[in-house]
Amino acid sequence: DNSATTTHSITIKDIAFQGFGSGSGNNGIVVSGANERFNWKVSNVKFSAFGGTPFLSSGGAIFTSSWEDVDIDQPSGASGHGFDANGAQTNSLKRTYVHNVATGFAAYRLRQGAWTLEAVNGIDSGTTANWGIFGQQTSDDGTDTYAQITFQSSNVEDWTATDGLIFRIGSFGSFFNT
């Protein structure tokens, strides 16, 4: 809970998290509270069998943080995005892979902020799943926020929804060797 103070300089590395398979409340790492958080470093981490969202950062924005070599594999019947974060500036995902995605959700749900996605991969399967949803709009999310996404050498494939990449109102992407 990040409601009393600003959390910073958190490092999570070289670990695997195993969920218990079902239930929307079966989330992995959850960061909540209204304060911002920064300088998070998550590397060489595997999330598997979470029925909810394996990485969820809600409330205050996360900034100047990085996720490298993160592997996410949700079970069939899951009910959450693979990676769901409310960001600010200078965040990066590098060599991340979301294998399977819950029905009607996205592998990468970046609600606001500036993000660089380098060598990001996904998805293997997911009925009516999206590869990524970026930003928020009042009609769908209850608020308008904007995301600026830079893709570098990423693999955007194998989604089964109508739209693979969705940029909500005011959000945009830049694509390099993707």
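Given the structure is predicted, the values throughout are model-derived calculations rather than measurements.

A word on the pattern of salt bridges. Per the counting criterion, the structure on display carries seven salt bridges. For the salt bridge of Glu68 with Arg95, the shortest nitrogen-to-oxygen distance reads 3.5 Å. Pair noted here: Glu68 is in strand 5 (residues 66-73) and Arg95 is in the loop between strand 7 (91-94) and strand 8 (97-100), with a separation of 27 residues, a long-range link. Using a relative accessible area of 28% as the deciding quantity, one classes Glu68 as partly exposed.

Every second residue of strand 10 (residues 113-118) is oriented toward a common face, the buried set being Gly113, Trp115 and Leu117 and the non-buried set Ala114, Thr116 and Glu118. In terms of strand pairing, strand 7 meets strand 10 through four bridges, oriented parallel. Among the inter-strand pairings, Asn91 is bridged to a residue of strand 10, identified as Trp115. Pairing between strand 10 and strand 13 (residues 147-152): six bridges, direction parallel. Across the sheet, Gly113 pairs through a bridge with Ala147, a residue of strand 13.

Bridge count between strand 1 (residues 7-18) and strand 3 (residues 37-48): 10 bridges; the pairing is parallel. Across the sheet, residue Lys13 finds its bridge partner in strand 3, namely Ser43. Sheet topology note: the strand 3/strand 5 ladder contains seven bridges and is parallel. Its bridge partner being in strand 5, Lys46 is matched across the sheet by Asp71.

Turning our eyes to something else, we now look at the nonpolar core. Counting residues in hydrophobic clusters, the biggest one holds 31 residues, and the most contacted among them are Trp67, Phe83, Trp115 and Leu117. Broken down by element, the residue count for this core peaks at four residues, all from strand 3.

Within the structure shown, the criterion is met by 14 aromatic pairs. Measuring from centroid to centroid gives 4.8 Å for Tyr108 and Trp131, while their planes differ by 40°, and the two rings are tilted. Of this pair, Tyr108 sits in strand 9 (residues 106-110) while Trp131 is found in strand 12 (residues 130-134), placing the two residues 23 residues apart along the sequence. Overall, Tyr108 belongs to the buried group, its relative accessible area being 1%. Among the aromatic residues, those joined into a cluster by ring pairs are Tyr108, Trp131, Phe134, Phe151, Phe167 and Phe175.

Cut-offs used in this document
- Residues numbered from 1 in each chain as written.
- Predicted model: local features only at pLDDT ≥ 70, side-chain atom pairs only at ≥ 80, totals over all residues.
- Heavy atoms only, no water.
- Salt bridge = Lys/Arg side-chain N within 4 Å of Asp/Glu carboxyl O.
- Helix = DSSP H or I, 4+ residues; strand = E, 2+ residues; numbered from the N terminus.
- Buried < 20%, exposed > 50% of the residue type's maximum accessible area, 1.4 Å probe, protein only.
- Pairing = 2+ DSSP bridges.
- Core = buried A, V, L, I, M, F, W, Y, C linked by side-chain atoms within 4.5 Å.
- Phe/Tyr/Trp six-rings, centres within 6.5 Å; stacked < 30°, edge-to-face > 60°.

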